[in-house]
Amino acid sequence: MLRAARGSRLLGLWISNNCSAKVYRDGHLILCSATGKTKGVVVGHNVARSSTATVAEGTNDSFLKWTLLLIPVATFGLGTWQVQRRKWKLRLIEALAERSCLEPVPLPLDQLDVKKLEYRRVMVRGRFDHSRELYIMPRSQVDPEKEAREAGRLTSSGDTGANVITPFHCTDLGVRILVNRGFVPRRKINPETRSKGQITDEVELVGIIRLTETRKPFTPQNDIEKNVWHYRDLEAMAQIVDTEPILIDADFDSTVAGGPVGGQTRITLRNEHLQYIITWYGLCAATSYMWFQKFIRKIPV
């Protein structure tokens, strides 16, 4: 009996040290697995702690699962929004192109009225002041037929040059404005090389109203001292040549032999929505795949 009691105490001590259990005075033990009897000793397993940990882990996993699902849902929504934005931008560009083909109207002098008529054709009458030309460069010639022939090519065969901006005294309005007479190649930028195209008589012009430009991030600053303009800054241009900050692009019919080629208006608006569509839908596809692999197929990612 003494040997049996000693063996039971040793068993209890081993269980207590290795299973983190408590031995009660009535002989019951609380362990980490199932309930059973060994030589009259009743063993009770602690399943409560394990169950609590499992429930907590499942709750955290469920929270993470539905939280991460927001990423593909949000990117899909952003991609769809960009689709609608692109449709709106294309309709706007089409509307501006149609506006540029309407019958010309007299040029208003009020700046608010001018801003409302962007890309609208207007009619003016007066004389050029060729002694104070400005040059926006580098520029390539707007030639719709040539651009259609070269569509899809990686390179263009066209030469670069400049758009010639010339002060124009409107005799009927009594003000000076800026007129983009059109494109000249680099070898013709010097006005002495195109003296035949320097009109001195009073002329009637039809042109398209253009507004000032905001410098793009990678566009160089205008070099006023060298008379090299990289973007339209109408306030600065007007101050240099003493005109109103109003600019029109002379139409193609204004072109004369030996002079700049008119009709250099491009109907352009910033339209990067296709890139955004690809980006957002791409992120949606990638995150959806990762979510499916981790939470549906249970594959670690």
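Cut-off values and rules
- Residues numbered from 1 in each chain as written.
- Predicted model: local features only at pLDDT ≥ 70, side-chain atom pairs only at ≥ 80, totals over all residues.
- Heavy atoms only, no water.
- Helix = DSSP H or I, 4+ residues; strand = E, 2+ residues; numbered from the N terminus.
- Buried < 20%, exposed > 50% of the residue type's maximum accessible area, 1.4 Å probe, protein only.
- Phe/Tyr/Trp six-rings, centres within 6.5 Å; stacked < 30°, edge-to-face > 60°.
- Lys NZ or Arg CZ within 6 Å of the ring centre and 35° of its normal.
- Polar contact = N/O pair within 3.5 Å; in protein donor to acceptor, adjacent residues only side chain to side chain.

(A) Spatial organisation of unusual backbone geometry. Geometrically, the link from M137 to P138 is a cis peptide bond, its omega value of -5 degrees lying close to zero. For N227, which is not glycine, the phi dihedral falls at a positive 60 degrees. For N227, the location among the structural elements is in the loop between β10 (203-210) and β11 (228-229). The phi angle at D242 is positive, at roughly 60 degrees, despite the residue not being glycine. Relative to the elements of secondary structure, D242 occurs in the loop between α6 (234-241) and β12 (247-250). When its relative accessible area of 53% is taken as the criterion, D242 is described as exposed.

(B) Seen up close, the packing of aromatic side chains. This model, assessed by the stated rule, comprises four aromatic pairs. The interplanar angle of 40 degrees and the centroid separation of 5.7 Å between the aromatic rings of F76 and Y281 together place this pair among those described as tilted. Highlighted residues: F76 in helix α3 (residues 70-99) and Y281 in helix α7 (residues 273-296), separated in sequence by 205 residues. For F76, a relative accessible area of 47% gives the class partly exposed. Relative to F295, the ring of W291 has its centre 5.8 Å away and its plane inclined at 45 degrees; by these criteria the two rings are tilted. Of this pair, W291 and F295 both sit in helix α7, four residues apart, which is roughly one turn of that helix. Each of the two residues, W291 as well as F295, counts as buried. For R181, the ring lying beneath its charged end belongs to F128, and the centroid distance is 5.1 Å. The cationic tip of K294 hangs over the ring face of F295; the distance from NZ or CZ to the ring centre is 5.6 Å.

(C) Inspection of the environment of T200 at higher detail. Mapped onto the elements of the fold, T200 is located in the loop between β9 (175-185) and β10. Residue T200 is classed as exposed on the basis of its relative accessible area, which comes to 60%. Between the alpha carbons of T200 and R127 there is a distance of 6.7 Å; along the sequence they are 73 residues apart.

(D) Looking closely at the side chain of D249. Assignment of secondary structure puts D249 in strand β12. Residue class for D249 comes out buried when judged on its relative accessible area of 3%. Only 2.9 Å separates the side chain of D249 from the side chain of T265, close enough to count as a polar contact.

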